Amino acid sequence: MKLTFLGAAREVTGSSYLVEADGVRFLVDCGMFQGGREAREKNRRPFGFDPAGLDFVILTHAHIDHSGLLPRLVAEGYRGPVHATRATCDLLAVMLPDSAHIQEKEAEYARLDRFGEPARRGAAEGETARDTAPLYTVAEARAALGRLNGVDYDLEIAPHPAVRCAFRDAGHILGSAIVELWVDEGAKRRKLVFSGDLGQPARPLLHDPTPIPDADYLVVESTYGNRDHKTMKATEDELVEAINDTLERKGGNVVVPAFAVGRTQDMLYLFAELSRQGRIPKLTVFVDSPMATAATEITLKHMALLDAETQRLMGRHGGAAHFRKLGFIEDVEESKALDRIKGGAVIISASGMCEAGRVKFHLRANLGRRESSVLITGFQAAGTFGRRLVDGAKQVRLLGEDITVRADIYTLGGLSAHADRSALLAWLGHFTNKPRRVFVVHGEEEVATGFAAMLATQFGWDAIAPTNGRSVVLD
């Protein structure tokens, strides 16, 4: 039995793990790398295995860094099922075509020069037709959706005669799962647990991550394995300050780069709750992301997966009564019109790391304005535009323009959908039996290696942070 780390090893994106045993081969996650040229190159490299030789794929959740290479996998020959929770399947029906649309548009843009004419590139720059082709197309994304098989939480399935599997609520985003796998090889049975991305307990919308009592081999994320988040109270206080200072005192706009799935719905909940409490005025909020609009509708469809407090506040109408105006923008011209608004608007738009989507245009319109603010509400991977803002860049280049950053940048760390160090350790503390080995993934190199060392010290576990491409025998 063998486990190979194909991504998210000493980095935060590209989650994908190949499990091989006698007579069975399968993937857990098939994620896209994110964050600049190096990530784009990784997304185009060979998989390192024959997609047609896989028996099945398991997805922990819908985020593109865990699911985004599925269309390419199918396009290159995979014909088996992709098992995921029902909510994850619903989200992927929106997210994968949207990702493909971005790939097509960016490929089109790459083929043009700054005057909008076909660029004269080629052998001199070492460029090939493959470099300027989209990573995958909308048609290929739709073909991948045909592979999905929705599964309920806590229902044990047998995706192969030698494998049993169950999805447990991870509390990260709607439909996110911790995956328990029991894999047989001859007379030997081993239990593998993949944490996926774990949510922060006691946060709005979702339930806390499900405790897991045991595993022979554990693959655990470490995104925030080196620090704790701000408390929710401190986060709400900072959010109140940002909103009131920007809208009431300075008269500008608030731009919120937000993941369409999870973070957008978190922000709508918080704006509604803080307005209900009287801490902020009723806001004029525009959700400018067709995918976020669809994800919000899917969230309301799966209301039973939300916590009781959220169900009470959001109700059947998504909490609209707590807003001055709540608009969901679909049309491109309507989106452009938002950039002519000089003050009083809160604009929530994807992508969350500011790497793609409509948020780039809203940032271009507002970053240079002292009266406006940007709320960073989630993790920003190394190399992303959002990370440069968090790191205090004073000059940025965006959509072909050089911009002096004058807007206030707020980083609301307490809103992260990822468990912080204390929450990770608390979740791991539920293991009653010592795993044979623990593999720490989904964290930048220093964080992942440090968290592995912490597990060795605190729990006495054999824990390592593997590198990409490494294979480990599971004896």
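Residues numbered from 1 in each chain as written. Predicted model: local features only at pLDDT ≥ 70, side-chain atom pairs only at ≥ 80, totals over all residues. Heavy atoms only, no water.

Caption draft 1: Representation of the sheet that holds strand β13 (residues 284-287) within the structure. Across the sheet, which stays open at both edges, the six strands sit in the order β14-β13-β15-β12-β16-β19 with parallel pairing between neighbours. Each having just a single partner strand, β14 (325-328) and β19 (408-411) make up the two edges of the open sheet. Between one strand axis and the next, the sheet turns by 20° as a mean value, whatever way the strands run. Two strands pair when backbone bridges link them, and strand β12 (residues 254-257) and strand β15 (residues 346-349) are joined in this way by four bridges, in the parallel orientation. When the bridges of β15 are listed, V254 appears paired with V346. (Pairing = 2+ DSSP bridges. Helix = DSSP H or I, 4+ residues; strand = E, 2+ residues; numbered from the N terminus. Axes fitted to C-alpha atoms, helices over the stretch in contact; angles between N-to-C directions.)

Caption draft 2: Region of interest: helix α8 (residues 263-276). Between its terminal C-alpha atoms α8 stretches 20 Å, which fits the 20 Å expected from 14 residues at 1.5 Å a residue. Directly beyond the C-terminal end of α8, a positive phi value near 80° is found at G278. (Expected span 1.5 Å × (residues − 1).)

Caption draft 3: Quick look at the pairing of β13. Because side chains alternate across β13, one face comprises the buried residues T284 and F286, and the other comprises V285 and V287, equally buried. Where β13 meets β15, three bridges bridge the pair, whose relative direction is parallel. Bridge assignment links V285 to a residue of β15, and that residue is V346. (Buried < 20%, exposed > 50% of the residue type's maximum accessible area, 1.4 Å probe, protein only.)

Caption draft 4: The arrangement of the packing of aromatic side chains in detail. Scanning the entire structure with this criterion turns up nine aromatic pairs. Ring centres 5.9 Å apart and planes at 80° place the aromatic pair F5 and Y17 in the edge-to-face group. Remark: Y17 occurs in strand β2 (residues 16-21) and F5 occurs in strand β1 (residues 2-7); sequence separation between them is 12 residues. Relative to F56, the ring of F26 has its centre 4.5 Å away and its plane inclined at 10°; by these criteria the two rings are stacked. Residue F26 is found in strand β3 (residues 24-30), and its partner F56 is found in strand β4 (residues 56-58); the two are separated by 30 residues along the sequence. Judged by its relative accessible area of 0%, F26 is buried. Clustering of aromatic rings is evident, with ring pairs tying together F5, Y17, F194 and F439. Taking the ring centre of F47 as reference, the NZ or CZ of R72 above it sits at 4.3 Å. In this arrangement the basic side chain of R164 is found over the ring face of W182, its NZ or CZ atom lying 4.8 Å from the centre. (Phe/Tyr/Trp six-rings, centres within 6.5 Å; stacked < 30°, edge-to-face > 60°. Lys NZ or Arg CZ within 6 Å of the ring centre and 35° of its normal.)

Caption draft 5: Region of interest: the pairing of strand β17 (residues 395-398). Burial along β17 is one-sided: the residues V396 and L398 are buried and none of Q395 and R397 is. In this structure, β17 lies alongside strand β18 (residues 401-404), joined through four bridges in antiparallel fashion. Bridging from a neighbouring strand, V396 pairs with I403 of β18. The hairpin formed by β17 and β18 contains two residues between the paired strands, and L399 there has a positive phi angle of roughly 55°.

Caption draft 6: A negative patch on the surface, seen in detail. On the surface, E297, E330, D331 and E334 cluster together to form a negatively charged patch. Structurally, D331 can be placed in the loop between β14 and α11 (332-338). (Patch = residues over 30% accessible without salt bridge, like charges linked within 9 Å, V, L, I, M, F, W, Y side chains within 5 Å. Areas by Shrake-Rupley, 256 points an atom, 1.4 Å probe, with all protein chains shown as cover. Salt bridge = Lys/Arg side-chain N within 4 Å of Asp/Glu carboxyl O. Lys, Arg positive; Asp, Glu negative; His and termini not counted. Charge placed at Lys NZ, Arg CZ, Asp CG, Glu CD.)

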